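A structural walkthrough
So you can see what is in the structure, the chains are spelled out below.
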Amino acid sequence: MQWRSLVVGLVVLRLSLSCVLWLTFGLGPGVSFGFNFHLGFNLHKLDLLFREDKGTESKGKTWSQQIQGKRYEQTASTCPQVGQQPPPQRSYLGLFQGNQDEYARRYSSFPDSLKTKMRGMARDMFYFGYDNYMKYAFPKDELNPIDCEGRGPDVLNPSNININDVLGNYSLTLIDTLDTLLVLGNVSEFQRAVRLVIDTVSFDKDSTVQVFEANIRILGSLISAHILLTDPKHPFGEVGFEDYDNELLHLAHDLAVRLLPAFENTNTGIPYPRVNLKTGVPPDSINETCTAGAGSLLVEFGILSRLVGDSTFEWVARRAVRALWKLRSNETGLLGNVVNIQTGQWVSKQSGLGAGMDSFYEYLLKSYILFGEKEDYRMFQSAYESIQIHMRRGRESCNEGEGDPPLYVNVNMFSGEIMNTWIDSLQAFFPGLQVLNGDVDNAICLHAFYYAIWKRFGALPERYNWQLQAPDVLFYPLRPEMVESTYLLYQATKNPFYLHVGMDILQSLETNAKVRCGYATLHHVVDKSKEDRMESFFLSETCKYLYLLFDEDNPLHRSDNKYIFTTEGHVVPIDKRFRERQWSDLGPCEDGALSQTQSNHWPEDLTKFIHVSVSLQCNRIPEEQRYALPLKSVYMRQIDHMVGLF
Ligand code: DMJ
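Only a predicted model underlies this, so the values are computations on that prediction, with no experimental measurement involved. (Residues numbered from 1 in each chain as written. Predicted model: local features only at pLDDT ≥ 70, side-chain atom pairs only at ≥ 80, totals over all residues. Heavy atoms only, no water.)

**Considerations on the overall build of the chain**
Within the chain, the regular secondary structure consists of 25 helices and 20 strands. The buried share of the chain, reckoned over its 646 residues, is 61%. Restricting to contacts in the chain with at least 6 residues of sequence separation, those with at least 24 account for 72%. (Helix = DSSP H or I, 4+ residues; strand = E, 2+ residues; numbered from the N terminus. Buried < 20%, exposed > 50% of the residue type's maximum accessible area, 1.4 Å probe, protein only. Contact = heavy atoms within 4.5 Å.)

**Observations regarding the packing of helix α19 (residues 440-457) against helix α25 (residues 633-642)**
Remark: α19 packs on α25, axes separated minimally by 9 Å, with the N-to-C direction vectors making an angle of 45°. For the element pair α19 / α25, the angle class is oblique. Crossing angle aside, the handedness with which α19 passes α25 is right-handed. Residue-level contacts link C445, A448, F449, A452 and K455 of α19 to I639, D640 and M642 of α25. Looking at the contact of α19 with α25 residue by residue, the classes come out as six nonpolar, no polar and two charged. (Axes fitted to C-alpha atoms, helices over the stretch in contact; angles between N-to-C directions. Parallel < 35°, antiparallel > 145°, perpendicular 65-115°, else oblique. Left-handed = near helix turned anticlockwise from the far one by under 90°. Nonpolar A, V, L, I, M, F, W, Y, C, P; charged D, E, K, R; others polar.)

**Quick notes on the state of the cysteines**
Applying the stated rule across the entire model yields two disulfides. Between the sulfur of C148 and that of C517 lies a disulfide, 2.0 Å long from S to S. Across the S-S bond of C148 and C517 the torsion is about 90°, and the bridge reads as right-handed. With a gap of 369 residues between them, C148 in the loop between β1 (142-144) and β2 (149-151) and C517 in the loop between β15 (514-515) and β16 (518-519) connect regions that are remote in the sequence. (Disulfide = S-S within 2.5 Å.)

**Topic: the site of the ligand**
Surrounding the ligand, one finds I216, R217, L426, R479, P480, E481, F537, E541, T567 and E568. Side-chain polar atom of E481 to an oxygen atom of the ligand: 2.8 Å apart, as the coordinates give it. In the environment of the ligand, an oxygen atom lies 2.8 Å from a nitrogen or oxygen atom belonging to the side chain of E541. For the ligand, the protein covers 93% of the area, taking 290 Å² as the surface of the free molecule. Taken together, the residues of the shell around the ligand break down into four nonpolar, one polar and five charged. (Near = heavy atom within 4 Å. Polar contact = N/O pair within 3.5 Å; in protein donor to acceptor, adjacent residues only side chain to side chain. Areas by Shrake-Rupley, 256 points an atom, 1.4 Å probe, with all protein chains shown as cover.)

**As for the nonpolar core**
Residues F449 and L509 are the most contacted members of the largest nonpolar core, which totals 179 residues. Beyond its immediate chain neighbours, meaning those up to four positions away, F449 contacts W63, P405, L407, I423, Y464, W466, I639, M642 and V643. (Core = buried A, V, L, I, M, F, W, Y, C linked by side-chain atoms within 4.5 Å.)

**Remarks on the UniProt feature "active site" (unreviewed entry) in the chain**
UniProt annotation of "active site" (unreviewed entry) refers to E213, D358, E462 and E481 when read in the numbering used here. Relative to the helices and strands, D358 resides in helix α16 (residues 358-371). Among residues more than four places away in sequence, those in contact with D358 are A292, L353, L426 and F429. For E462, the location among the structural elements is in the loop between α19 and β13 (463-465). Contact partners of E462, with chain neighbours within four places excluded, come to I423, D424, S425, V473, F475, P477 and R479. (UniProt positions renumbered as here; feature names shortened; annotations may be inferred.)

**Considerations on the packing of aromatic side chains**
All told, the structure shown has 25 aromatic pairs when counted by the stated rule. Summarising the aromatic geometry, the rings of F301 and F313 are spaced 6.2 Å apart at their centres and angled 80° between planes, so their arrangement reads as edge-to-face. Of this pair, F301 sits in helix α14 (residues 298-308) while F313 sits in helix α15 (residues 312-326), and the two are 12 residues apart along the sequence. A relative accessible area of 1% places F313 in the buried class. Members of the aromatic cluster, connected to one another through ring pairs, are F380, Y384, Y408, F429 and F430. (Phe/Tyr/Trp six-rings, centres within 6.5 Å; stacked < 30°, edge-to-face > 60°.)

**Overview of the sheet that holds strand β5 (residues 288-290)**
Spatial ordering of the open sheet is given by β5-β6-β7, a layout of three strands whose pairing is antiparallel. Strands at the two margins of the open sheet, each flanked by one partner only, are β5 and β7 (346-348). Pairwise comparison of adjacent strand axes, ignoring direction, gives a mean angle of 35° for this sheet. As judged from the two bridges shared by strand β6 (residues 338-340) and β7, these two strands associate in the antiparallel manner. The residue of β7 that forms the bridge with V338 is S348. (Pairing = 2+ DSSP bridges.)

**Quick notes on the UniProt feature "binding site: Ca(2+)" (unreviewed entry) in the chain**
Here, the residues flagged by UniProt with the feature "binding site: Ca(2+)" (unreviewed entry) are T567. On the secondary structure map, T567 appears in the loop between β19 (563-565) and β20 (571-573). When near neighbours in sequence (up to four residues on either side) are disregarded, T567 contacts I216, S359, E362, Y363 and E541. One polar contact links T567 to E362, side chain to side chain, over a distance of 2.9 Å.

**Some details on the packing of helix α7 (residues 112-137) against helix α9 (residues 172-183)**
Working note: a packed helix pair is described by the angle between its axes plus the distance between those axes. Where α7 contacts α9, the two axes come as close as 12 Å, and the packing angle between them is 140°. Taken together, the axes of α7 and α9 are oblique relative to one another. You can see that α7 and α9 cross each other, and the crossing is left-handed. For the pair α7 and α9, the contacting residues are F126, Y127, Y130, Y133 and M134 in the first and T173, L174, T177, T180 and L181 in the second. Broken down by class, the residue content of the contact of α7 with α9 amounts to seven nonpolar, three polar and no charged.

**Observations regarding helix α21 (residues 496-513)**
An α-helical turn contains 3.6 residues, so any two residues separated by three or four positions project in the same direction. Compared with an ideal rise of 1.5 Å per residue, which puts 18 residues at 26 Å, α21 spans 25 Å between its outermost C-alpha atoms and is within 8% of the ideal. Across the 18 residues that make up α21, a large majority, 15, are buried. (Expected span 1.5 Å × (residues − 1).)

**What to know about the side chain of E568**
Structurally, E568 can be placed in the loop between β19 and β20. Among buried Asp, Glu, Lys and Arg side chains, E568 stands out as unpaired, with R217 the closest opposite charge at 4.1 Å. Of note is the side chain of E568, whose polar atom sits 3.4 Å from the side chain of S540. With sequence-adjacent residues up to four places away left out, E568 is seen in contact with D176, I216, R217, S536, F537, S540 and E541. (Lys, Arg positive; Asp, Glu negative; His and termini not counted. Salt bridge = Lys/Arg side-chain N within 4 Å of Asp/Glu carboxyl O.)

**Observations regarding the environment of E568**
The class for E568 is buried, based on a relative accessible area of 2%. Taking the C-alpha atoms as reference points, E568 and T542, separated by 26 residues in sequence, lie 9.8 Å from one another.

**Brief notes about unusual backbone geometry**
Here F138 and P139 are connected by a cis peptide whose omega angle stands at 10°. Looking at the secondary structure, you find P139 in the loop between α7 and β1. Look at S171: it is not a glycine, yet its phi comes out positive at around 50°. In this structure, S171 sits in the loop between α8 (161-164) and α9. Look at S171 and you get buried, because its relative accessible area is 5%. At N265, a residue that is not glycine, the phi angle is positive and equals roughly 55°. Relative to the assigned elements, N265 resides in the loop between α12 (247-259) and β4 (274-276). According to the relative accessible area criterion, N265 is exposed, its value standing at 68%.

Listed below in structure tokens is the structure:
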């Protein structure tokens, strides 16, 4: 009974506040969710919980209004039925007009001199981390940037998977960083680093690592550096050296062979999450894996197969993707984020775009772009459609109409019902993928939401609760996703807005994360306390994308060079030879939806991806569009308001 009184009390309180507002400002109930959102704060939460209990959550367009337990069926983007008059509405747009120029003033130009300065800042950021890693930490895996020491696996606590999944006692940071040195134009240091890897790295280690992490950070980096070293087009100039004898490729192959036991003794073909590099799958291994972990191996394994002429690697990676795909829901087409590899049962039915799922989607599209297998694109298209239908909330168009800004929420894979009210930092990669898919409009809006969160905290909290307007999980380990999307959006639009975003990111990293020997994980995005850890992706991705954002003349941006980035930011050319395989035994596609797969040729429309995926020189964009904000001021202001910036 108590909660009912509380609800009634809150309803009364809210009605009184609405009355005051109505009498004072003439604001009726159909106005800005911003006001409703603020004033009905606790009520939203109770209503949401109540509705979730009853399972009545629906998939309307206005998610902030939904959380208040209201139904605003008649939004501006919903056509009224013929003969019916829509109820008069007062637009929230009106509330924000008049101040819109502050956004235009702030974001609509970016002088070349500032660009040069920011490029220098990104370069210095990289070298501060890299040089100190080499000085204090190499050959260990990571640098502890506060104590200026190296860090290897946690041998005393094998169950510390936060560390041991990633650190294999194989000079992780050095390997992960190889191609960034080339992107920064440092050929001599690249060559020195390659030699160091060849001379010192061995995978014959008693380390139990996560297959996914070893694949994206180590295998991906080795094959990327190998390809760049041997690329006959010499995109970065003469980077090869005379006595190079494919050692990086041999190392990559050696590692991949050590990962193969993960694909044995699994009923579904979905791999075990971890292997010991010496002894294979540990006897006490769990039978559960996340979708991204098992389903994001195809890019690296596929390239390796094609480079060494052995289909095994691509075959196991593809079998895993197909097995996961078969387990999608018949109702929604969505997958969950944790699955049992023996039974094929979903352990977690949550479907989202962030942790546990992110690179699964990414690699469907990137595999297709690289290898031209139509099967991959069909899966991607179908997944993208399901995401749009079941996860996307908010107004239909990013830059038009009324309603909440688009947002992608975590839903139950079978019912599409919302499961919680947070989005995570990893999801910030998605606008970059949307750009790659040609959906720049949606990318702009989602990115703007994350940027507003960044502005508020000077970082992205690991989880942000959009209902509470507060972080749920407070750390920020220097992740790259936000800057990755910023870079790809800049390449697609050439809008100076994105240079400002990059500058903000650079400045907050300098202010909030810089310590004695590098950049430290933020333990708490509000009080800015730190942890003594600098993950390898900070140098391999965060710094790389920041530098590229400001380096217009980078070889990667020349129109005759076409590249794609792996999920760890490693550069791989889109090359004809990766579309030619010497085998035809990829196995039949058992899934009816994919059975049309016959040809391994790229279809005609691939140019769409090539244009956005690589360094498009966007000089064709008309001036007035280039310097207009990518998102109208009124919508930017709406989002800023919504994340509590004012
Ligand atoms: C990186 O290792 C990769 O970007 C991966 O896809 C996701 N997690 C980290 C960065 O956050």
